[in-house]
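Fold and geometry: a report
Single-letter residue listing:
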Amino acid sequence: MNLRVLLIDDNAERAAAVTAGLTADGCTVAALIPDHADLVAQVRAARADVIVCDLDHASRDAIESMRALNRDEPRPVVMFVDHADPASIAAAMEAGVAAYVIEGLQPGRVRAVIDVAVARFRAYQALRAELAEARKALSERKLIERAKGVLMQTRRMSEEEAYRALRRLAMDQGRRLADVADSVIALAGLPL
Amino acid sequence: MTLADPQTLEPARTARIPANAAITLGFVPLTDAAPLLVADALGLFARHGLRVGLSRMQAWSAMRDRIAFGALDGGQMLSPMPIAASLGLAQAPTGRAMAGGPPLAVVATLARHGNTITLSDALMNEMTSAAPHLAAIRPLPAAALALALAARRTAGRTPPTLAVVYAYSSHTYLLRHWLAAGGINPERDVRLVVVPPPKVAEELANGRIDGFCAGEPWGSRAVDLRCGRIALTTADIWRDHPEKVLAVSAARLAQDPAEIEMLVASIIEAGIWLSEPGHLEDATRIVHDHALPDVPREIIALALSRRLVMAPDEAPTAVPGLQFHPDATYPHPEHGAWWARQMQRWGQVDTFPANLAAAIWRPDIWQRAAPLAGIAPVPPALPALPGDLTP
């Protein structure tokens, strides 16, 4: 692609992933965690053809304003309207990617940059979702272990019996095992 | 009219409850998000059978994109923004602008006033040396700044840097209008930059900017940090100016106008509630807890009760500050037209369609909503617009 890309992202891990993807495609990437006051100077210094950032990034208003406030500066314009294809707009929105093309450059040339950014943002999102899922599963298992312990102690059940009791309760009440475990632990805290 | 506590209100005068009433709205954490926050916290949306989800946005651009592409149904927006979006400002000029009509509809004004022009102590002192009498006047006349700028030029110093929160904002156009009225060319005599609102006080304190125009609580924050003084409010530039509007996706409005009318009714009710002095403490708590947990409650309370501490160690002064009352919520298309003329005046657009504002501002929706909130569907008189001066 051979374009200069300025990547603005507070998330260093994700920025590294996007940078790797774009560099592999032949782009020169300047990634930065923005200092709001110097943003305009940094955009100028990067001599970027395209700016990629998080859709919700607080510095977007400043990037968009460059065009109206600083006539002698680079003039970034947001890319969404350029995508004639609604599916790719939806993909960018969903992945949380906003892209600006510096006026003068053919918007079509930037398309590939956005596609790479969207793919990397998505992969990162999926990774985060999996991590959150794994953490939740772990904490649920801990809950169930604690509830088993409560039952073993207060009802003098074996571990096997305690687990079966929890599962029966969950099935009878149509609730999740972790939720039942949570109630058991809460009740154990009640004064007798 | 006055509105009693929400608990004692009679059931909402609604004929129907929409089957699928999940509306998502965005807000930016500012004092003037109060009508949305209050309508949510007091259950005013729910009384109309609406299930509204509020989500917090960090940038106006993100709000616009999310509404335009259906990820939000609507939200709080800077009053000039729907015009800018329709004209394709800040967007690549590929002719999609206005194709199939504007993407946004303005169905209510959320707040009038509420911004300050706050200048650094150093710049204030320069004005006092250059023009002692003018510099002492409040609201500060721009002529005082003009004389200080002349002194700077003579001394070979660079022009001051003034920050706004977004290029296509009430702050920008009102600041430019004020500067121009004092004979200052905003393009040449000062340097305008954009700084996100929560950063402006900090930036003034560290000397990277010399002043700013921003909504409360940020002017008060600068006074609190003892790095600046409030020179005037934007109400001193355009009395009764619209500040934020409630904009919804035009597609969503077309799909279920009755639902949007109930939304507007809730906003009118929230505005009536906010206008009751007895509700100040509750309103402050709601805004603090839901939007600005890091800002001291006293500062939020001052803004909501239209008072300001203009300089460190001064007592609060009454100012023409935030207004939420029913007349203030009416969406006047003339407001949109004034913003469009400013965009033209400052060279952001060459021309714009004559019916542009009328296509976006929808007082008809407000008029159908008013009776649902118990007020007469009578358009209030249009407050005077500022003169269109040439720069």
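Residues numbered from 1 in each chain as written. Chains lettered and ligands numbered in written order. Predicted model: local features only at pLDDT ≥ 70, side-chain atom pairs only at ≥ 80, totals over all residues.

1. Looking at the overall build of chain A
Counted only if it meets this: A run of H or I in DSSP counts as a helix once it spans at least four residues, and a run of E counts as a strand once it spans at least two, with each numbered from the N terminus. In this treatment the radius of gyration is a C-alpha quantity, and the globule benchmark scales as 2.2 Å times the residue count to the 0.38 power. Whether a residue is buried, exposed or partly exposed is read from the other C-beta atoms within 10 Å of its own C-beta, which are placed from the backbone; 20 or more gives buried, 12 or fewer gives exposed, and intermediate counts give partly exposed. By the convention adopted here, residues are in contact when the distance between their C-beta atoms, placed from the backbone, does not exceed 7 Å.
A tally of regular secondary structure across chain A gives 7 helices and 5 strands. Across chain A, helices and strands are ordered from the amino to the carboxyl terminus as β-α-β-α-β-α-β-α-β-α-α-α. Relative to a compact globule of 192 residues, whose C-alpha radius of gyration would be 16 Å, chain A shows 26 Å and is clearly more extended. Principal-axis analysis of the C-alpha atoms gives chain A an extent of 80 × 35 × 25 Å. Counting all 192 residues of chain A, 36% fall into the buried class. Residue pairs at least 24 apart in sequence account for 62% of intrachain contacts in chain A once pairs closer than 6 positions are excluded.

2. Looking at the overall build of chain B
Secondary structure summary: chain B contains 18 helices and 12 strands in total. Taking 391 residues into account, the globule formula puts the C-alpha radius of gyration at 21 Å, and chain B, at 21 Å, falls close to it. Oriented by its inertia axes, the alpha-carbon framework of chain B measures out at about 70 × 50 × 35 Å. Here chain B, with 391 residues, has 57% of them falling under the buried criterion. Once local pairs closer than 6 in sequence are excluded, the contacts in chain B between residues at least 24 apart make up 78%.

3. Some points on the interface of chain A and chain B
To keep it simple, the criterion reads: By the convention adopted, Pro, Cys, Tyr, Trp, Phe, Met, Ile, Leu, Val and Ala count as nonpolar, Lys, Arg, Asp and Glu as charged, and the other residues, Gly among them, as polar.
Chain A puts 26 residues into the contact, and the matching count from chain B is 28 residues. Secondary-structure elements contributing two or more residues to the side of chain A that touches chain B are α3 (60-69), β4 (76-78), α4 (86-95) and β5 (97-102) of chain A. With 8 residues, the single largest contributor to the side of chain A that touches chain B is α3(A). Looking at the side of chain A that touches chain B, its residues break down into 17 nonpolar, 3 polar and 6 charged.

4. Re helix α5 (residues 121-130) of chain B
Residue and element names in this part refer to chain B. Quick reminder of the rule: Relevant arc is that of directions from the helix axis to the C-beta atoms, nothing else.
The set of residues buried in α5 consists of Leu123, Met124, Glu126 and Met127. For α5, the buried positions fall inside an angular range of 155° around the axis, keeping them on one side. Its buried side turned inward, α5 meets β5 (115-120), α6 (132-135), α7 (142-154), β8 (211-215) and β9 (228-233).

5. Observations regarding the nonpolar core
Quick reminder of the rule: To form a nonpolar core, buried Ala, Val, Leu, Ile, Met, Phe, Trp, Tyr and Cys residues must be joined through C-beta atoms within 7 Å.
Core analysis: the largest hydrophobic core is formed by 181 residues, its most contacted members being A:Val50, A:Ile51, A:Val52, A:Ala99, B:Val38 and B:Val264. Not counting the four nearest positions on each side in its chain, B:Val38 is found in contact with B:Ala270, B:Trp273, B:Leu274, B:Ala283 and B:Ile286. Ranked by size, the runner-up nonpolar core spans 8 residues in total, among them A:Ile144, A:Ala147, A:Leu166 and A:Ala181.

6. A look at the domain arrangement of chain B
Accessible area lost upon the coming together of the parts is a frequently used measure of interface size. All names here are of chain B. Where we set the bar: The start and end points of each domain follow an automatic or database-based domain assignment.
Domain boundaries assigned for chain B yield domain 1 (6-113 + 241-275 + 323-373) and domain 2 (115-239). Computed over C-alpha atoms only, the centres of domain 1 and domain 2 are separated by 29 Å. Tallying the contact residues gives 17 residues for domain 1 and 16 residues for domain 2. Contributions of two or more residues to the side of domain 1 that touches domain 2 are made by α4 (81-86) and α16 (333-345). Of the residues in the side of domain 1 that touches domain 2, the class split is 10 nonpolar, 5 polar and 2 charged.

7. Brief notes about the sheet that holds β5(A)
Residues and elements named next belong to chain A. In plain terms, the rule: Any two strands with at least two DSSP-identified bridges between them are counted as paired. To obtain each axis, a line is fitted to C-alpha atoms, and for helices this fit is confined to the stretch in contact; angles are then taken between N-to-C directions over 0 to 180 degrees.
If you walk across this open sheet you meet the 5 strands as β2-β1-β3-β5-β4, and the pairing is mixed. For this open sheet the edge positions go to β2 (28-32) and β4, each flanked by a neighbour on one side alone. Looking at each pair of strands side by side, their axes are set apart by 25° on average, direction ignored. Those strands touched by helix α2 (residues 39-46) are β1 (4-8), β2 and β3 (50-54), and its axis lies near 155° from that of β1.

8. Let's talk about the packing of α3(A) against helix α3 (residues 60-68) of chain B
Put simply, the rule is: Between 65 and 115 degrees an angle is taken as roughly perpendicular, under 35 as roughly parallel, over 145 as roughly antiparallel, and anywhere else as oblique.
For the pair α3(A) and α3(B), the least separation of the axes is 7 Å and the interaxial angle reads 90°. Judged by the angle between their axes, α3(A) and α3(B) are roughly perpendicular. Where α3(A) approaches α3(B), its residues A:Arg60, A:Asp61 and A:Glu64 are matched on the opposing element by B:Trp60, B:Ser61 and B:Ala62. Tallied by class, the residues present in the contact of α3(A) with α3(B) amount to 2 nonpolar, 1 polar and 3 charged.

9. Describing the domain arrangement of chain A
As far as domains go, chain A holds domain 1 (4-128) and domain 2 (133-188). Between the C-alpha centres of domain 1 of chain A and domain 2 of chain A there is a distance of 48 Å.

10. Description of the pairing of strand β7 (residues 191-194) of chain B
Residues and elements named next belong to chain B. Operational definition: Clockwise travel from the first strand over the helix to the second, with the strands pointing away from the viewer, marks a crossover as right-handed.
Bridge count for strand β6 (residues 161-164) against β7 is 4 bridges, and the pairing is parallel. Opposite valine 164, over in β7, you have valine 194 as the bridge partner. The handedness of the β6 to β7 crossover, carried by helix α8 (residues 170-181), is right-handed.

11. Focus: the packing of α5(B) against α7(B)
Pairs of packed helices are described in terms of their axes, by the angle between the two and the distance that separates them. All names here are of chain B. Put simply, α5 and α7 touch, their axes get as near as 8 Å, and they point 90° apart. Relative to α7, the element α5 is oriented roughly perpendicular. On α7, the residues touching Leu123, Glu126, Met127 and Ala130 of α5 are Ala144, Leu145, Leu147, Ala148 and Ala151. The residue makeup of the contact of α5 with α7, split by class, is 8 nonpolar, no polar and 1 charged.

12. Quick word on unusual backbone geometry
Residues and elements named next belong to chain B. Across the junction of arginine 138 and proline 139, the peptide omega takes the value -10°, indicating a cis bond. If you trace the backbone, proline 139 turns up in the loop between α6 and α7. A cis geometry characterises the amide bond from glutamate 216 onward to proline 217, with omega recorded as 10°. Within the fold, proline 217 resides in the loop between β8 and α10 (218-224). For arginine 226, which is not glycine, the phi dihedral falls at a positive 60°.

13. Considering the sheet that holds strand β3 (residues 74-78) of chain B
All names here are of chain B. Pairing is mixed in the open sheet, where 5 strands are placed in the order β2-β1-β3-β10-β4. Whereas interior strands pair on both sides, the edge strands pair on one side only; in this sheet they are β2 (51-56) and β4 (104-112). With strand direction ignored, the average angle separating the axes of adjacent strands in the sheet is 25°. Across 7 bridges, the pairing between β4 and strand β10 (residues 242-249) is antiparallel. Of the residues in β10, the one forming a bridge with threonine 109 is valine 245. In the packing of helix α1 (residues 34-41) onto the sheet, the strands contacted are β1 (22-27), β2, β3 and β4, and the crossing angle to β2 comes to about 135°.

14. As for the environment of B:Val295
Residue and element names in this part refer to chain B. For valine 295, the location among the structural elements is in the loop between α13 (280-290) and α14 (297-304). The class for valine 295 is buried, based on 21 C-beta atoms found within 10 Å. Expressed as a C-alpha distance, the spacing of valine 295 and tryptophan 218, which sit 77 residues apart in the sequence, is 9.3 Å.

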